[in-house]
Amino acid sequence: MIPFLAPLRKAARLTGPSPSQPVWARGREGRLAAVFISPSIIGLVVFTVFPVGMSLVIGLYQWPAFGATSFVGLDNYTELLGDPVFRRVILNTFLFVVLYVPISIMLSLGLAVWISPRIRGRQLFRVLFFLPVITPMVANAIVWRLIYQPDGLIDSSLQSLFGVNAPNFLGDENWAMAAVVAMSVWQGFGYNMLVFSAALDAVPRSLTEAALLDGAGPWQRFFHVTLPLVSPAVFFGSTMTLITSFQVFTQVFLLTSGGPGISTETVVLYIYNEGFSGLRFGLASAAAWVLFVVILCATALQFAGQRRWVHYDA
Amino acid sequence: MRDATTDHAAHRSRIIHSVVSHVLLILVAAGFMVPFGYMVATSLKPADEVFTTPPRLLGSQIRWQNYSDALSFLPFERFILNGFLVAFCGTALVVVASSLSAYAFARLRWRGRNSVFLGFLMTLMIPQEVLVVPMYILMRWLGWVDSYQALIFPWAFTAFGTFLLRQFFLTIPRELEEAAWIDGAGVIRSFLLIMLPLARPALAVLAVFTFISYWNSFLWPLIVIDNVEARGTVPVGLNLFFGQQGSRWNLVMAASVMSMAPTALLVLLLQKHLVRGISTAGLAGR
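Keep in mind it's a predicted model, so treat the numbers as computed, not measured.

With that settled, consider the interface of chain A and chain B. Contact with chain A, which involves 76 residues of that partner, is made by 74 residues of chain B. Only helix 2 (26-58), helix 5 (122-134), helix 6 (137-148), helix 7 (153-162), helix 8 (173-201), helix 10 (218-245), helix 12 (267-277) and helix 13 (281-309) of chain A provide two or more residues apiece to the side of chain A that touches chain B. Ranked by residues supplied to the side of chain A that touches chain B, first place goes to helix 2 of chain A with 19 residues. In terms of residue class, the side of chain A that touches chain B is built from 51 nonpolar, 19 polar and 6 charged.

Here it is as structure tokens:
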């Protein structure tokens with residue numbers, strides 16, 4: 001027997017656990033599991049767990065992109081909270097979330113109901129509405145910039161139809177955020193529409209038909225039968241949308257760069273500006289943690305509220 | 001007699017209702033597609049006809065040349081190749097790493113499995129923004145700033161793929177594998193020859209969405225790539241182009257059309273699988 005083959009033979013044996021495997025064999029299965037799982041574990045530790053911890057540390061330092069770092073405790077956080085710009089940025093982000101999430105959810109739910117199995121070519125409609133979700137956000141945003149621009153599509157249409165000029169959507173403080181929200185809704189709702197559409201398809205027809213026989217009108221049927229049945233999907237969709245909407249960046253970066261002034265600057269734009277234009281890594285990390293905590297709180301609230309309207313047991 | 005007429009009326013009103021519903025939906029969908037139409041129309045106009053009142057669908061000529069002009073300003077074919085390289089490598093990594101770990105979570109028994117899985121799920125809550133600053137510093141330490149590795153590796157180990165595939169693996173009956181084990185096939189062979197082929201639909205969905213999210217990713221390449229003309233992907237390339245030639249809208253739109261084409265085609269071709277994938281997994285994102 002050639003000695004170095006022994007480990008190989010052992011390895012070969014441990015690759016064959018049977019369902020009625022005895023307890024003593026589990027160690028071998030454990031070693032195999034370690035091999036299977038190590039790429040993911042190593043990757044997650046190096047590129048997620050370690051950076052998260054590091055980010056918390058960086059946030060406690062004055063950490064310029066170049067030059068020496070120094071420990072400053074919570075100074076970055078107090079600076080942020082005292083900074084009127086950051087407070088405005090937080091407000092802007094909340095404004096975006098409060099406008100974007102309900103509009104997007106209602107629109108996607110409404111269209112998902114509309115594009116019922118009775119609609120011919122529903123697959124095509126679903127794919128059309130989904131298209132901007134997967135086309136590059138940069139390209140989507142640039143097109144909308146041309147649409148919003150003075151003499152762009154909206155302005156020139158209004159001029160030729162009614163002889164009036166459209167507001168300068170992206171240059172006017174009163175319009176810029178609304179313009180960003182409208183573009184974002186157009187871009188994003190197709191995703192939730194697909195999720196809701198699948199949930200609606202799973203609603204048993206017998207239930208809505210029973211309600212119909214009981215004399216329930218279409219609205220009653222929707223709000224008292226269908227909506228409770230799809231509420232888990234709506235909960236999932238609105239939670240994911242809530243989380244991602246706090247992280248809005250690309251469309252703002254390209255449409256307004258946070259302007260006019262700072263009227264559309266969001267937290268992630270602020271992080272980008274402070275970190276990679278201002279090269280203040282400490283402050284940027286602290287701002288990122290503030291955002292993280294805000295997202296966690298919003299998600300927790302969403303989960304706390306779900307008991308009232310989400311029905312899992314139907 | 002009365003019954004017949006009311007039936008008839010009900011039938012007619014249902015048909016009218018359906019026709020109205022279809023027509024309205026087509027109008028809504030057409031309105032929704034206006035930005036894309038405007039983009040394509042503008043990309044084919046001569047430069048001095050981009051802004052007209054009233055807006056026109058077609059210019060005085062169809063200028064396909066805008067596309068080759070756009071390509072001559074910046075190496076767009078380079079961005080597209082970079083994009084494919086990065087998205088392809090990233091997707092391969094994600095699929096391999098996630099399917100391995102998903103198998104360990106779904107089928108193998110080992111101590112601490114559930115706590116490790118919980119740990120995986122917790123990493124899903126961390127927003128990318130928290131990671132970018134330390135990730136950039138990490139890239140500096142590794143000497144990876146302005147490199148393809150920096151675009152590929154940091155986001156290739158998400159718990160999301162593991163979670164998705166684990167859920168799918170759990171739906172595959174154990175008996176199929178047990179039969180193989182009895183035949184003497186080992187865990188590795190049954191993973192490769194039974195599980196992976198059976199999980200093809202889930203693997204395809206994961207691969208397509210990973211590809212798309214690599215392709216479209218903007219914030220990270222914007223941060224980590226200095227020499228965009230050499231190592232830029234499509235979104236940062238488009239951003240650079242927009243910064244330099246922003247007033248030449250017909251060329252910018254031609255570039256936008258080119259940047260959208262690959263993912264749009266992918267989704268149109270694979271629509272059935274993707275729609276099913278989203279309905280079952282509720283994925284995409286990032």
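Take the nonpolar core next. Grouped together as the largest cluster of nonpolar side chains are 150 residues, with contacts concentrated most on Phe196(A), Leu255(A), Ala287(A), Tyr103(B) and Ala255(B). Of the residues forming this core, the biggest block, 13 residues, is contributed by helix 8 of chain A. Those residues within four positions of Ala287(A) in sequence are excluded, and the remaining contacts are Leu80(A), Phe86(A), Val267(A), Tyr270(A), Ile271(A) and Glu274(A).

When cut into domains, chain A gives domain 1 (5-58) and domain 2 (75-309). On a C-alpha basis, the centroid separation for the pair domain 1 of chain A and domain 2 of chain A is 40 Å.

Bringing the packing of helix 4 (residues 113-123) of chain B against helix 7 (residues 159-171) of chain B into the picture now. Residue and element names in this part refer to chain B. As a packed pair, helix 4 and helix 7 sit with axes 8 Å apart at the nearest point and diverge in direction by 125 degrees. In this view, helix 4 runs oblique relative to helix 7, as classed from their interaxial angle. You can see that helix 4 and helix 7 cross each other, and the crossing is left-handed. Taken together, the residues of helix 7 that come into contact with helix 4 (itself represented by Phe120, Leu121 and Thr123) are Ala159, Thr162 and Phe163.

What counts as what
Residues numbered from 1 in each chain as written. Chains lettered and ligands numbered in written order. Predicted model: local features only at pLDDT ≥ 70, side-chain atom pairs only at ≥ 80, totals over all residues. Contact = placed C-beta atoms within 7 Å. Helix = DSSP H or I, 4+ residues; strand = E, 2+ residues; numbered from the N terminus. Nonpolar A, V, L, I, M, F, W, Y, C, P; charged D, E, K, R; others polar. Core = buried A, V, L, I, M, F, W, Y, C linked by C-beta atoms within 7 Å. Buried ≥ 20, exposed ≤ 12 C-beta atoms within 10 Å, placed from the backbone. Domains from an automatic or database assignment. Axes fitted to C-alpha atoms, helices over the stretch in contact; angles between N-to-C directions. Parallel < 35°, antiparallel > 145°, perpendicular 65-115°, else oblique. Left-handed = near helix turned anticlockwise from the far one by under 90°.

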